[in-house]
Structures are given as structure tokens and as C-alpha cells.
Amino acid sequence: MRILLTGHDGYIGAVLGPVLQEAGHDVIGLDSGWFSACEFGDQPPAPPSRRLDIRDAGVMDVAGFDAVVHLANLSNDPLGDLDPGLTDRVNAGASVRLAALAREAGARRFVFASSCSLYGAAGQDAVTEEAGFNPVTPYGRAKVDAEAGIRALASDAFSPVCLRNATVYGVSPRLRFDLVINSLTAWAVATGAVRMTSDGTPWRPLVHVQDACHAVLAVLEAPREAVHDQAFNVGREGENYQIRDLARIVGEEVGGCRVTLADGASPDARSYRVSFAKIAERLPGWRPAWTVRDGVREVRDALAGRGLSPAVFEGPRYSRVARLRSLIESGQLGADLRWTALADHASAAPTLVASA
């Protein structure tokens, strides 16, 4: 299968590209390059790629592919707060437009990386894919709008699928520490303290980045009738936790840690538990392999001996908000998050290149 992978240089994309290639698929990446310099550890061979903002994509940029996997978004709730209108234009407007282009170009399947954030403040019950949406952030609201627009394009020849990822964790060649498990573990390793930024009561579903990537692979290879115009919560049964329980697990696995509250820590309106029964039923070949405890150990071991301080792992290399703010402040990105004349990317011809 020939697959266009947008956001191949991001946290999930840098893992997914090799997963798809190892499964025998022909993968081409497409990415704006915002995070291409945010490397961590050894870098696996990346797919051939193009540097292109998805807002500028045309039908020829998506022509010749059997499927499009769309990851390229402003990637989390704090990032959405930078500019709510921009989040809507990129995460919703540009995503729906890309899906329409893919359909016009003849792609048969469109896999959209959605999020369980669209459930927002969902109470105590584990919600299914049929639950109502109650997003509390611009990021969550944009995912709701994107799903609606993308699924409206479904036809006999075009199958959109929305994968509502739980909160992702684990090691990636573009590692992020602005995700709860990765952040708690990094603080514990660096300081001996498990630092919670909320009061610990909110619920979150969790999924390892490798499991999330193999869910994409399973959807791409599934029979049409199993996935056509469907949404799936992506995660493993039993992997819903309150933040305070995550802090306890991190403390146990790192060892010798105390749990602390960050300055200004308060209840978080985002609290949701999620059911993963549907994906287990529809995609029986997909079996998530990781637990949160496994992931904490993985991140702990990856950080061992590196001596990363909080200033580093909360800085531009490993925090998406900090990275974009740095690029804006240096004049390399404009307020609209487009490369300026000061950035090398701005003059790069949009030809097929091997991604570093």
C-alpha cells in the first residue's frame, strides 16, 4: 500500500513511519518541519518526505496514494491555548480540506488522528464512541469539528476512520515531555520528586505510542466493512487512571521519590474515563502490548545517565509550546506559524527528500 503520512516528524509520526515501512508499505512523509530538530536518542531510518504545510497542500500533493494517515496538527491542549482561532484553522479546517483533497485524488482510506480530549469533562463512567462530546479546550473542540467534517466525506469509494487516541506516552525519536507520563517520569528522574500540576483527581486514559501506531497499521490493513466511517477509542482496557495513581506508579518505578504539587496546582476540568471495547471487537488482530508501568520503566531507562534538567525537558527541544514560542521569538515563524524569510525552511524547494 502506498501511504502519505502527514506529521511524520512529530512525536507519533517518527515512530509510525518505521512501523508502516517494516510492515511492507511504501510511505511518504509530509511535514512542516517545526519539530524536525527535536531529536532524542538514536534516529531510525525515516521515510522519504516533503516539507510542506498542510494548509498549502493541493490535490497533486495527495495524488497517487492508496491511503492518507493524517497526524499533522497543533498537538495538545496547551498548544491550542496559544491561539484558539489558529488551532481551529489548522486542526479542523485544514484537516477537513486535506480529507477532501484525498478523496478527490482517489485515496481509498483516510485515517485521522483524533483524541479522547473531545470527551472533555465526562464524569466517572467509561465513555464509548457513542457518548456525547463535552470538550473544554480549543484542541478538543477542533477535534470534534474535524471528525464531523471528515466523516461527512464518506462514500462508497472513500473510507474515513477517526482514531481517538488516549493520552500517549513512551519513548520516541521526537520525544515530548509535555505529556503526563513522560513529564512525571522526567521530573522524578531529574529531581527525585513526582511533580503533579493538578490536584491528582482527574481521570485519563493512557496508550503507549507503539500501541497507537500499531492501531493505525491495523486500521489500514482491516477490511473496509470493519472500519468504514468509524471512530475508535484507542487504548487498552484497564488503562484508565487518576493522575495521583500515575504519580504513585512513577514514584514506585523510579524509586526514592516524593509526590509534590506544582505552584498553582488545582483541579483540572478535563476528566474522562474511556471504554476500549469497540476497537478490541472490530480489530481483533490489534493487541496493545504496553501498560503504564512498562512505559514508566522505558522512559526512566531512556533518561538514565543523560542528566536532563527541568529547564531542558521543559524547554524548546522537548515541549511543543516552548518550541513554537522559541521559533516565533527568533523570527523564524510568524504568528500564523508559517516559516519566515529568516528560516532555512522558507527557501527549501518542496521536492522529495530523504528525511534526516
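Figured I'd write up the structure that's included with this text. Not measured: the values here are computed from a predicted model.

Looking at the overall build of the protein chain
Inference 1: Looking only at helices and strands, the protein chain has 12 helices and 15 strands in total.
Inference 2: In terms of overall dimensions, the protein chain is globule-like: its C-alpha atoms have a radius of gyration of 19 Å, near the 21 Å expected for 356 residues.
Inference 3: By principal-axis analysis of the C-alpha atoms, the protein chain measures approximately 55 × 50 × 35 Å.
Inference 4: Going through the 356 residues of the protein chain one by one, you find that 55% of them count as buried.

A look at unusual backbone geometry
Inference 1: Despite not being glycine, Asp229 has its phi angle at roughly 55°, a positive value.
Inference 2: The class for Asp229 is partly exposed, based on a relative accessible area of 23%.
Inference 3: At Leu337, a residue that is not glycine, the phi angle is positive and equals roughly 65°.
Inference 4: Mapped onto the elements of the fold, Leu337 is located in the loop between helix H12 (320-329) and strand S15 (353-354).
Inference 5: Accessibility expressed as a relative area gives 4% for Leu337, which makes it buried.

Description of the packing of helix H3 (residues 84-105) against helix H4 (residues 138-151)
Inference 1: At a closest axis distance of 9 Å, the pairing of H3 and H4 adopts a crossing angle of 20°. With respect to H4, the element H3 is oriented roughly parallel. Considering only the axes of H3 and H4, their crossing is right-handed. Here H3 contributes Pro84, Thr87, Asp88, Asn91, Ala92, Ser95, Val96 and Ala99 to the contact with H4, which in turn contributes Pro138, Tyr139, Ala142, Asp145, Ala146, Gly149 and Ile150.
Inference 2: Classifying every residue of the contact of H3 with H4 by side-chain character gives 9 nonpolar, 4 polar and 2 charged.

Re the pattern of salt bridges
Inference 1: For the structure on display, the rule yields 19 salt bridges.
Inference 2: Arg248 is paired through a salt bridge with Glu252; the nearest N and O atoms lie 3.3 Å apart. Remark: Glu252 and Arg248 occur in helix H8 (residues 243-254); sequence separation between them is 4 residues, near one turn of the helix.
Inference 3: Judged by its relative accessible area of 44%, Glu252 is partly exposed.
Inference 4: Residues joined by salt bridges that share partners form a network here, namely Arg248, Glu252, Glu253, Arg293, Asp294, Arg297, Arg300 and Asp301.

Remarks on the nonpolar core
One broad trend across soluble globular proteins is that nonpolar side chains are buried collectively.
Inference 1: Ranked by internal contacts, the top residues of the largest apolar core, which has 55 residues, are Leu16, Val69, Leu163, Phe177, Leu220, Ile279 and Leu283.
Inference 2: Looking at this core element by element, the count peaks at 9 residues for helix H6 (residues 209-221).
Inference 3: Setting aside its immediate chain neighbours within four residues, Val69 contacts Ile3, Leu4, Leu5, Thr6, Leu16, Val111, Val216 and Leu220.
Inference 4: Of all hydrophobic cores here, the second largest spans 26 residues; its members include Ala57, Ala92, Ala102 and Phe112.

Some remarks on the environment of Cys162
Inference 1: Note on placement: Cys162 falls in strand S7 (residues 159-165).
Inference 2: Separated by 54 residues in sequence, Cys162 and Val216 have C-alpha atoms that sit 9.9 Å apart.

Structural notes on the packing of aromatic side chains
Inference 1: One pass over the full model with this rule turns up 7 aromatic pairs.
Inference 2: With a centroid separation of 6.1 Å and 85° between ring planes, the pair formed by Trp34 and Phe35 is classed as edge-to-face. As far as the burial class goes, Trp34 and Phe35 line up, both buried.
Inference 3: Taken together through their ring pairs, the aromatic side chains of Phe40, Phe177, Trp187, Phe313 and Tyr318 make up a single cluster.
Inference 4: Above the ring of Phe65, the side-chain terminus of Arg2 is found at 4.5 Å from the ring centroid.
Inference 5: Taking the ring centre of Phe40 as reference, the NZ or CZ of Arg306 above it sits at 4.3 Å.

What about the packing of H8 against helix H10 (residues 292-303)?
Inference 1: Across the interface, H8 lies against H10 with an axial gap of 10 Å and an inter-helix angle of 50°. Our classification of the angle between H8 and H10 gives oblique. Regarding H8 and H10, the two cross each other, and that crossing is right-handed. Taking contact as the criterion, the partners of Leu246, Arg248, Ile249, Val250, Glu252, Glu253 and Val254 in H8 are, on H10, Val292, Arg293, Val296, Arg297 and Arg300.
Inference 2: In the contact of H8 with H10, the residues fall into 6 nonpolar, no polar and 6 charged.

A few points about the sheet that holds strand S8 (residues 167-169)
Inference 1: A sheet is described by the order of its strands in space; here 3 strands give the open sequence S8-S10-S12, paired in mixed fashion. Both outer strands of the open sheet, S8 and strand S12 (240-242), are each paired with one neighbouring strand and no more. Taken pair by pair, the neighbouring strands of this sheet meet at an average axis angle of 45°, ignoring direction.
Inference 2: One ladder, built from 3 bridges, connects S8 with strand S10 (residues 203-208); its direction is parallel. The residue bridging Tyr169 from the neighbouring strand is His208, located in S10.
Inference 3: Across the sheet, H6 lies against S8 and S10, angled at about 70° from S10, the strand it touches most.
Inference 4: Contacting S8, S10 and S12, H10 runs over the sheet at an angle of about 65° to S10.

Calculation rules
Residues numbered from 1 in each chain as written. Predicted model: local features only at pLDDT ≥ 70, side-chain atom pairs only at ≥ 80, totals over all residues. Heavy atoms only, no water. Helix = DSSP H or I, 4+ residues; strand = E, 2+ residues; numbered from the N terminus. Rg over C-alpha atoms; globule rule 2.2 N^0.38 Å. Buried < 20%, exposed > 50% of the residue type's maximum accessible area, 1.4 Å probe, protein only. Axes fitted to C-alpha atoms, helices over the stretch in contact; angles between N-to-C directions. Parallel < 35°, antiparallel > 145°, perpendicular 65-115°, else oblique. Left-handed = near helix turned anticlockwise from the far one by under 90°. Contact = heavy atoms within 4.5 Å. Nonpolar A, V, L, I, M, F, W, Y, C, P; charged D, E, K, R; others polar. Salt bridge = Lys/Arg side-chain N within 4 Å of Asp/Glu carboxyl O. Core = buried A, V, L, I, M, F, W, Y, C linked by side-chain atoms within 4.5 Å. Phe/Tyr/Trp six-rings, centres within 6.5 Å; stacked < 30°, edge-to-face > 60°. Lys NZ or Arg CZ within 6 Å of the ring centre and 35° of its normal. Pairing = 2+ DSSP bridges.

Honestly, that's just the spatial picture; any functional story needs more than this.
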